[in-house]
Amino acid sequence: MGFEKGDAKKGAGLFKTRCAQCHSCEEGKNMVGPSLHGLFGRHTGQVEGYSYSSANKQKGIEWNNETLFEYLENPKKYIPGTKMAFAGLKKPKDRNDLITFLQEETK
């Protein structure tokens, strides 16, 4: 099973409670984690001015619905050596909702 369109409103709530303490969707606003502005179509480790782990820089994948769906389940398994401390979203519905929200908010 892969990505399916979710509920952006529920995704906004998940972003606020699970992501916003470390990530912004604003262009150029890096926090503990990199800005997510322009996320879709970008490759790992590419935000200007953010200090990534070498694991993230070397992963070399493009962020899209499917790669985010897999990554957000268990970031440390998908990119061993990442410095992102987030444990992941185990429920596919939660990942779908969050990705659907991010599709709009990161443009």
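Above this text sits the structure in question.
This is a predicted model, so every value here is computed, not measured. Residues take numbers from 1 onward in each chain, read along the sequence in its written order. Only residues with pLDDT of 70 or above have their local features reported here, since the model is predicted, and side-chain atom pairs are shown and tallied only from 80 upward, although totals for entire chains, interfaces and linings are computed over all residues. Computation of side-chain values covers all heavy atoms of the structure but excludes hydrogens and water.

**Remarks on the overall build of the chain**
Runs of E in the DSSP output that reach at least two residues are strands. Runs of H or I that reach at least four are helices, and both are numbered from the N terminus. The helix and strand inventory of the chain stands at five helices and zero strands. On C-alpha atoms alone, the chain measures out to a radius of gyration of 13 Å, which is about the 13 Å that the 2.2 N^0.38 rule sets for 107 residues. Each principal axis of the C-alpha atoms in the chain carries an extent, and together these give about 30 × 25 × 25 Å. Here the chain holds 107 residues, and 45% of them are scored as buried. It only takes one pair of heavy atoms within 4.5 Å for two residues to be counted as in contact. Residue pairs in contact within the chain that sit at least 24 positions apart in sequence constitute 45% of those at least 6 positions apart. Here the accessible surface of atoms and residues is derived via Shrake-Rupley with a 1.4 Å probe, and residues count as covered only by protein chains that are part of the display. When the accessible surface of the chain is totalled, it reaches about 6100 Å², and 52% of it is carbon and sulfur. Taking the average location of the 17 positive side-chain charges in the chain and that of its 13 negative ones, the two points are 6 Å from each other. Put simply, the radius of gyration uses C-alpha atoms, and a globule should come to 2.2 Å times the residue count raised to 0.38. Burial classes: relative accessible area under 20% of the type maximum marks a residue as buried, over 50% as exposed, and values in between as partly exposed (1.4 Å probe, protein chains only). Under the convention used here, Asp and Glu are negative, Lys and Arg are positive, and both His and the chain ends fall outside the count. All charge positions are set by atom: Lys at NZ, Arg at CZ, Asp at CG, Glu at CD.

**Notes on the nonpolar core**
One broad rule of soluble globular proteins: the nonpolar side chains tend to lie buried together. To qualify as a nonpolar core, a set must consist of buried Ala, Val, Leu, Ile, Met, Phe, Trp, Tyr and Cys residues joined through side-chain atoms within 4.5 Å. Membership of the largest hydrophobic core comes to 22 residues, with the highest contact counts inside it found for Phe15, Trp63, Tyr71, Leu98 and Leu102. Looking at this core, the elements that each hand over two or more residues are helix H1 (8-19), helix H3 (65-71) and helix H5 (92-105). Excluding its chain neighbours within four sequence positions, the residues that come into contact with leucine 102 are Phe15, Cys25, Leu36, Leu39 and Phe40.

**Quick word on the layout of surface pockets**
Using a 1 Å grid laid over the protein atoms alone, points where a 1.4 Å probe fits but cannot get out form a cavity; open sets with protein on both sides within 12 Å along at least 5 of 7 lines form a pocket; any residue with an atom within 4 Å of a point counts as lining. Grid points are joined across faces, edges and corners, and a volume is the space filled by probe spheres set on the points. Its volume calculated, the largest pocket comes out at about 570 Å³. Looking at the largest pocket, it is lined by 31 residues, and the ones nearest its centre are His23, Gly33, Pro34, Tyr71 and Met84. Listing elements by their share of the lining of the largest pocket, those giving two or more residues are H1, H3 and H5. With three residues, H1 is the single largest residue contributor to the lining of the largest pocket.

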